[in-house]
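Residue strings, one per chain:
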Amino acid sequence: MANPITKITSNKPVLTDNDPQEELITLNLGPTHPATHGVFQNVLQMDGERIVSGVSTIGYIHRAFEKIAEHRPFYQITPLTDRLNYCSSPINNMGWHMTVEKLLEIEMPKRVDYMRVIIMELARITDHIICNGILGVDTGAFSGFLYVMHEREKIYEIYEEICGSRLTTNIGRIGGFERDFNESVFAKIRAFLKRFPPVLDEFTELFDRNRIFIERTSGVAAVDTATALDYSWSGPLLRATGLDYDVRVMEPYSSYEEFDFEIPVGTNGDVYDRYMVRNEEMRQSMRIIEQALDKIEKEPAGIFHADVPEYYLPPKEKVYNNMEALIYHFKIVMGEVDTPKSEVYHAVEGANGELGFYLINDGGRSPYRLHFRRPSFINYSMYAPMSRGMLLSDAIINMSSLNVIAGELDA
Amino acid sequence: MSKLDNKVLFSRLQERFGDLISNETEPYGLLTVETQKANIIEVLEYLKKDEDLQFIYLTDITAVHYPEQELSIAVVYHLHSFVHNVRVRIKVYIDGQNPIIPSATLLWKGADWMERETYDFFGVRFQGHPNLQRILNVDDMDVFPMRKEYPLEDPNRVDKKDYFFGR
């Protein structure tokens, strides 16, 4: 099938005065349509079922996170990051904490690094299975979604075991974790690693060679690497075009350089490739988690944070019984800790691509400026221009494959 | 390929632009330089198109407001060279009363939304942008909320009646 993106010029409607505008229909796709995967709107000019032009409108759930962050101590920014990409909130959490640790130049114990890797890869799996599951729903296949939803619950149970919450997790701390993984956590992770591969196999058997699925996705919304780079795409979308850019490999954080894994890439950059890349990434994630479990066994047990009492929030029982812990607790909660005047950019490989935190610190109790480089926001900017000339049904599948999370889009 | 040394990169920039590139710092290993708005596009174009450097990836555009400075708005660009696996940060300080800077959309289409976001929050007008409208905030808003002159409400104020606000 030919590449449907022939020309991308600007965001302005392509209609001119000579066009018989009466024959075009304006279609509001969204803001709260099931196929828009969140609260955002596309005003499309339709010629029959074909999209002539479109304008994307976003910002419906904009919550001013960057502004709020300027008024909060570092710890209280963690819940804001959770709510960026709520499908994989631990990655956002860890990314923020690593940014602050980079600013404070805190060295992490290896065991903490591996624990973080496990959590981040589990989060990547939850994000990808939901994205691919919903892609199946949008092509008319519901059962795959039900299979994987069950697996997401299993991962949420692991989160729950660690920190008590499931969706917006708040697992991390500056300097490590709030608590150690107990035996039950490790047992649940191992059980998941055993039960998930056959489910994933079954899921992929449903779609990979399914004629309807292939015809709906193959060749649809194909993007070449140059165009993807022009629009600053990252993550599975960029990798589906054939470029193996992955922050975990390019700029390893949290000891990712010690892990053996591959970066799956596609060839056509179409919806089918994005689906395949995500599936393969889930397999690679499991590979990483298995290695991390092996590595953790070789590290001394019970170390779940760095020895930085001036930055690491002490546990409650210590606060009640230990004077120093009480003082540190007070200073940390009130944002009275000394931080260097500097600026730092730290990026992690989020489920949707490069998730960056640009922090400018003036030594005060809150960041002077905090900017989130949100992959969904940047990836979605191509949606309206790339939809031109596309059938509406293909545009729906395309939106599904972009995996735009409204919380990350708007922030 | 091995990492491009920051010193080499800075000397390349100085060789090409001379004094127009200044204030070299390396916070946490990321080369940060300043330049002027008149030549920002030239600098970005050089970094992007130079065969050796190849900073082809525009990671991010944003701004920072320093109300106490004469040139009170800093527009910040992050670029990434995949070939050398090096990032660079470029800052341009512009007048906060009349914040105008050329648009980078001619070099990267991805700059479109990043610049709209920066305009929306800081009021930076990007000359040559094809569609410079607010993106996250409502269109009829007449302030640029990320500027420091719009502080958040004091959470401890007591003069406000909660029942007027549904609380």
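Everything quoted here is computed from the prediction, not taken from an experiment.

Colleague: Would you mind showing me how to read helix α3 (residues 89-104) of chain A here?
Modeller: Three- or four-residue spacings in an α-helix give side chains the same orientation, since the helix completes a turn every 3.6 residues. Residues and elements named next belong to chain A. Look at α3: 23 Å from first C-alpha to last across 16 residues, which is about the 22 Å you get at 1.5 Å a residue. Counting buried positions over the 16 residues of α3 gives 15, a clear majority of the element. Positive backbone phi, approximately 55°, marks Glu105, located one or two places after α3.

Colleague: Honestly, the interface of chain B and chain A in this entry has me stumped. Any pointers?
Modeller: With 48 residues of chain B at the interface, the matching set in chain A holds 47 residues. Around 4,000 Å² of area is buried between chain B and chain A when both sides are counted, 58% of it from carbon and sulfur atoms. Counting the surface chain B buries against chain A, the share from its top three residues, Tyr28, Trp113 and Leu136 of chain B, is 21%. For the interface between chain B and chain A, the tally reads 7 salt bridges. With a closest N to O distance of 2.9 Å, Arg87 of chain B and Glu354 of chain A form a salt bridge. Taken together, chain B and chain A are joined by 23 residue pairs in polar contact (both at pLDDT 80 or more). Taken together, the elements giving at least two residues each to the side of chain B that touches chain A come down to β3 (57-65), β4 (73-81), β5 (86-94) and α3 (111-122) of chain B. Considering each element in turn, the side of chain B that touches chain A owes the most residues, 9 residues, to β3 of chain B. Each residue belonging to the side of chain B that touches chain A can be placed in one class, and the counts come to 27 nonpolar, 10 polar and 11 charged.

Colleague: Explain the pattern of salt bridges here, please?
Modeller: For side chains bearing opposite charge, pairing can occur when the charged atoms are close. All names here are of chain A. This structure, assessed with the given rule, holds 38 salt bridges over all chains. For Arg248, the salt bridge is made with Glu121, and the minimal N-O distance between the two is 3.2 Å. Of this pair, Arg248 sits in helix α10 (residues 247-250) while Glu121 sits in helix α4 (residues 110-138), and the two are 127 residues apart along the sequence. Each member of the pair, Arg248 together with Glu121, is buried. Of the charged contacts, one joins Arg195 and Glu151 as a salt bridge, the two residues approaching to 2.7 Å between their closest N and O atoms. Residue Arg195 is found in helix α6 (residues 183-207), and its partner Glu151 is found in helix α5 (residues 143-163); the two are separated by 44 residues along the sequence. Among the residues examined, Arg195 registers a relative accessible area of 32% and is labelled partly exposed. Here the salt bridges do not stand alone but share partners, grouping Glu121, Arg124, Arg239, Asp246, Arg248, Glu281 and Glu349 into one network.

Colleague: Which parts of the structure should I look at to understand helix α16 (residues 392-402) of chain A?
Modeller: All names here are of chain A. The element α16 is extensively covered by neighbouring structure, given that 9 of its 11 residues are classed as buried. Considered for burial, the residues of α16 that qualify are Asp394, Ala395, Ile396, Ile397, Asn398, Met399, Ser400, Ser401 and Leu402. One or two residues past the end of α16 sits Asn403, with phi positive at roughly 55°.

Colleague: Please explain the packing of aromatic side chains as it appears in this structure.
Modeller: The relation between two aromatic rings is expressed through the spacing of the ring centres and the mutual angle of the planes. According to the stated counting rule, one finds 30 aromatic pairs over all chains in the structure shown. On the numbers, 6.1 Å between centres and 35° between planes, the contact of Tyr272 of chain A with Tyr275 of chain A is tilted. Taken together, the residues Tyr272 of chain A and Tyr275 of chain A, both in helix α11 (residues 271-298) and 3 residues apart, mark about one turn of the helix. By the ring-pair criterion, three or more aromatic residues cluster together here, those being Phe40, Phe377, Tyr380 and Tyr383 of chain A together with Trp113 of chain B.

Colleague: Explain the sheet that holds strand β6 (residues 342-350) of chain A here, please?
Modeller: One key point about sheets: their strands pair by backbone hydrogen bonds, in either a parallel or an antiparallel sense. All names here are of chain A. Read across the sheet, 3 strands follow the order β6-β7-β8 without closing on themselves; strand pairing throughout is antiparallel. Every interior strand has two partners, whereas the edge strands, β6 and β8 (369-373), have only one. Ignoring which end each strand starts from, the neighbouring axes of this sheet average 10° apart. As defined by bridge partners, β6 adjoins strand β7 (residues 353-361) across 9 bridges and the pair is classed as antiparallel. Bridge assignment links Val344 to a residue of β7, and that residue is Leu359. On the sheet, α3 packs against β6, β7 and β8 and is oriented at approximately 150° with respect to β6.

Colleague: Can you help me understand the packing of helix α1 (residues 6-17) of chain B against helix α2 (residues 40-49) of chain B in this one?
Modeller: Two measures define how a pair of helices packs: the angle their axes make with one another and the distance between the axes. Residues and elements named next belong to chain B. Remark: α1 packs on α2, axes separated minimally by 12 Å, with the N-to-C direction vectors making an angle of 130°. Judged on the interaxial angle alone, α2 and α1 are oblique. Seen along the crossing, α1 lies across α2 with a hand that is right-handed. Taking contact as the criterion, the partners of Leu9, Arg12, Leu13, Arg16 and Phe17 in α1 are, on α2, Glu42, Val43, Tyr46 and Leu47. Here the contact of α1 with α2 is built from residues that sort into 6 nonpolar, no polar and 3 charged.

Basis of the calculations
- Residues numbered from 1 in each chain as written.
- Chains lettered and ligands numbered in written order.
- Predicted model: local features only at pLDDT ≥ 70, side-chain atom pairs only at ≥ 80, totals over all residues.
- Heavy atoms only, no water.
- Helix = DSSP H or I, 4+ residues; strand = E, 2+ residues; numbered from the N terminus.
- Expected span 1.5 Å × (residues − 1).
- Buried < 20%, exposed > 50% of the residue type's maximum accessible area, 1.4 Å probe, protein only.
- Contact = heavy atoms within 4.5 Å.
- Buried area = accessible area lost by both parts, 1.4 Å probe.
- Salt bridge = Lys/Arg side-chain N within 4 Å of Asp/Glu carboxyl O.
- Polar contact = N/O pair within 3.5 Å; in protein donor to acceptor, adjacent residues only side chain to side chain.
- Nonpolar A, V, L, I, M, F, W, Y, C, P; charged D, E, K, R; others polar.
- Phe/Tyr/Trp six-rings, centres within 6.5 Å; stacked < 30°, edge-to-face > 60°.
- Pairing = 2+ DSSP bridges.
- Axes fitted to C-alpha atoms, helices over the stretch in contact; angles between N-to-C directions.
- Parallel < 35°, antiparallel > 145°, perpendicular 65-115°, else oblique.
- Left-handed = near helix turned anticlockwise from the far one by under 90°.

Everything listed is a geometric property; what it means functionally is a separate question.
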